[in-house]
Structure formats: C-alpha cells, structure tokens
Amino acid sequence: MVLALPVLAALLSAKRLVAQQAEATNIYRFIMGVDVPEPAAFVALGIAPGHALRGSAPKPVMASVISSSGGGARALTGIAIDVAPYFLVGGGVRNLESFRSNSIAGRMQRVGTKTVVSLGAAGDPAGTGSRLVAIGVRATFHDPHDPALNTDLPERATAELARAGATPPDDADEDVTDRGVDLAPLFARVRREMRGRRGWQVSGGWGLAARLRGDATSGDSLVSPRHTVWLSGQRTCGPRLDVLVTVETRNAFRSDAYWWIGAALLRKTTAADFTAEAYYDTLRRRLNPGVAAEVRALQRVGLVASITSQPDPFDMTGPTRLQLRTLLRWHIAYDR
C-alpha cells in the first residue's frame, strides 16, 4: 500500500502543476537514456532477465517483449507496458523550484514523477492453456543521478535554445535538432557528470501475478494470485562500475513466502552493459548464478540477453535450471 502513495501524490499534484506552465519545465525531457530498469510486471511473473534488479529511475513510457527458454522448461513469450501516471496526467510539467524542494511535499512529488504502473502478460509454462497476467508498481525513492534535480541542465538547455531564437518544444518527444539546435554535446557532458556521482539509487516495487482462465470478466477468471515485493539499491562506484543489491520476497503475505537475495556487478561500456550476478533462494537454500549483456541498439531501443538460473516462472516449481532470456524494449528518453 505504501508504494501506491507516490501514484496518489502524482495524480493530486498534476493539475496544480500544469497551471504553472509559464515558469515550468517538462522534466521528462531531461531523463537520461541509460540504466533502464526491469519491467515490474516481469518481476512479478518471475521472468525478468536477472534477479539483482537495478535501482535506477524508470522511463516515463516503456514497452518490452521477452522470451525465455532452455533447461527443459517450456519456452514462453511475455509482453509488458510501463507508464508513469504523472506523465499521462500532468505531462511531466513541473516548476523546477518545486521539483528541487527537499520538503516532504517536494520529495513525495519527486518520487511521484518516478513511479510507473506496469502491465504484463506471458504464456503459462505449466502448459495449462491459460495466460499469466501481472500488474506492478515501481517507484524510485532516491536518485542522485537525476539531472533535473542535481544539475543546471534545464536552465542551460533553455538558454541555448533562447540564444538560437528557438523555443522549448511543446512535445516532450520532439527532437530539438528539428529546430536547428543541437543539444547533444550538452547532454553528453551532463551524462558524464551524472555517471561520475558516487552514491546509491534506491527503488522498490510491488507486483501481483495470476493465471487468467476463460472469460476475463468472470469472477473466477484470475486464479493462484501471488504477490511479490522488492527493494533494490544501485551503488555507483565509478563511471564504469555499479553494484546492484536486491531483496525480494515472493508469495508475499502468505505462509509459504520466501526470499530471493541478490547482488551483482554491473560493468558499463559505451555501447553495452555487462552484469554478473548471484542470488540466494531461501526456499531451496541454494545460491544461483547468472550473467547478462545489454546492448543499446538504437537511441530508444535496447536488447538484453541473459543466462539465469531458477525454477519454472510463476509457480516456481520443478528443478532449478539454466534459462536463456532475451528482452527487446523501447522507451522514451531524451538524452541526445
């Protein structure tokens, strides 16, 4: 329930903030296109590429497709859509002074801009003919890599546009180079500056997954509901190296709840990220390894391939075995 508070804060404050257009900035224009987190719905379904999850801030809109196969398990395909309610309702328009405020209201509203609702579906590896569906909420509570909060990027970008006689685009997804202004060097400098900041990014989430049988409108269509709750930290140790730590409880709020406790090293390069992880499964009392590589194929498109080790998704039954997972995602991000 606590994780729903940022969503409520975002919805309640959106209309008031939109009225401040004259002195406001679309903060979503200054989200870096790096450190894209896993869809919350995939975490709830148990099909995320890895188990040591990123603590970084989400993108306002993201679409993902994943496939999982290997180890004798049934192959499955899943899809997920992640959207920030604040982006839909308020358009991301914020007064910078308000956004940077460290008051309780300011902090809550800042968390609200970094809260996403995730919807997902996947095939059932148990072969029941049903679909697996999930809803999740993910929020970033602390983000020292936020350029709108910790740099003067919005002011500098606005000043460069003004010097060129251009106005900030009304559409947050519009490339300012279309107006004859190239902000790529500015974004590159800020991106390096943010990556150089040492500290923790902290995020958490909740997800509910279930089997969908028959008519989705019938009262008994959703069966075997399972809750998942997690908290993730991402420690920046240098411009190229991060440490990920995740504590996740599966079958939460039930007598058979158990924990996954994971850690990973994340090595960054210009074109790709590489992760080596291990997580401990308290149900099976076993330490499981995993590796992953993420390639930034295009500006807003990423491809992740991982080899992970776990039982069958959702039910988490059967033996622990290696699985190959590939994820293709598109997201909104504005670093040029």
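That block above? That's the structure.
Residues numbered from 1 in each chain as written. Predicted model: local features only at pLDDT ≥ 70, side-chain atom pairs only at ≥ 80, totals over all residues. Heavy atoms only, no water.

**Overview of the pairing of strand 14 (residues 321-331)**
Part 1 of the reasoning: Here strand 14 shows a buried face lined by Arg321, Gln323, Arg325, Leu327, Arg329 and His331 and an unburied face lined by Leu322, Leu324, Thr326, Leu328 and Trp330.
Part 2 of the reasoning: The pairing of strand 2 (residues 61-70) with strand 14 spans eight bridges and is antiparallel. From the neighbouring strand, Ala63 faces strand 14, where its bridge partner is Trp330.
Part 3 of the reasoning: Where strand 13 (residues 301-310) meets strand 14, 10 bridges bridge the pair, whose relative direction is antiparallel. Among the inter-strand pairings, Ile307 is bridged to a residue of strand 14, identified as Leu324. (Buried < 20%, exposed > 50% of the residue type's maximum accessible area, 1.4 Å probe, protein only. Helix = DSSP H or I, 4+ residues; strand = E, 2+ residues; numbered from the N terminus. Pairing = 2+ DSSP bridges.)

**With respect to empty space enclosed by the protein**
In this approach, a probe sized like a water molecule rolls over the atoms, and the result shows the empty space that is left.
Part 1 of the reasoning: Evaluated as defined, the whole model comprises five cavities of 30 Å³ or more.
Part 2 of the reasoning: One number sums up the size of the largest cavity: a volume of about 320 Å³.
Part 3 of the reasoning: Along the wall of the largest cavity there are 26 residues; nearest its centre are Ile31, Met32, Ala57, Asp143 and His145.
Part 4 of the reasoning: Mapped by element, the contributors of at least two residues to the lining of the largest cavity are helix 6 (147-150) and helix 8 (184-195).
Part 5 of the reasoning: No other element matches helix 8, which puts three residues into the lining of the largest cavity.
Part 6 of the reasoning: Among the residues making up the lining of the largest cavity, the classes are represented as 15 nonpolar, four polar and seven charged.
Part 7 of the reasoning: By volume, the second largest cavity amounts to about 230 Å³.
Part 8 of the reasoning: Surrounding the second largest cavity, 23 residues form its lining, Glu38, Pro49, Gly50, Thr275 and Ala292 being those nearest its centre.
Part 9 of the reasoning: Secondary-structure elements contributing two or more residues to the lining of the second largest cavity are strand 11 (272-281), strand 12 (286-298), strand 13 and strand 14. (1 Å grid on protein atoms, 1.4 Å probe; cavity = no way out; pocket = protein on both sides within 12 Å on 5 of 7 lines; lining within 4 Å. Points joined across faces, edges and corners; volume = space filled by probe spheres on them. Nonpolar A, V, L, I, M, F, W, Y, C, P; charged D, E, K, R; others polar.)

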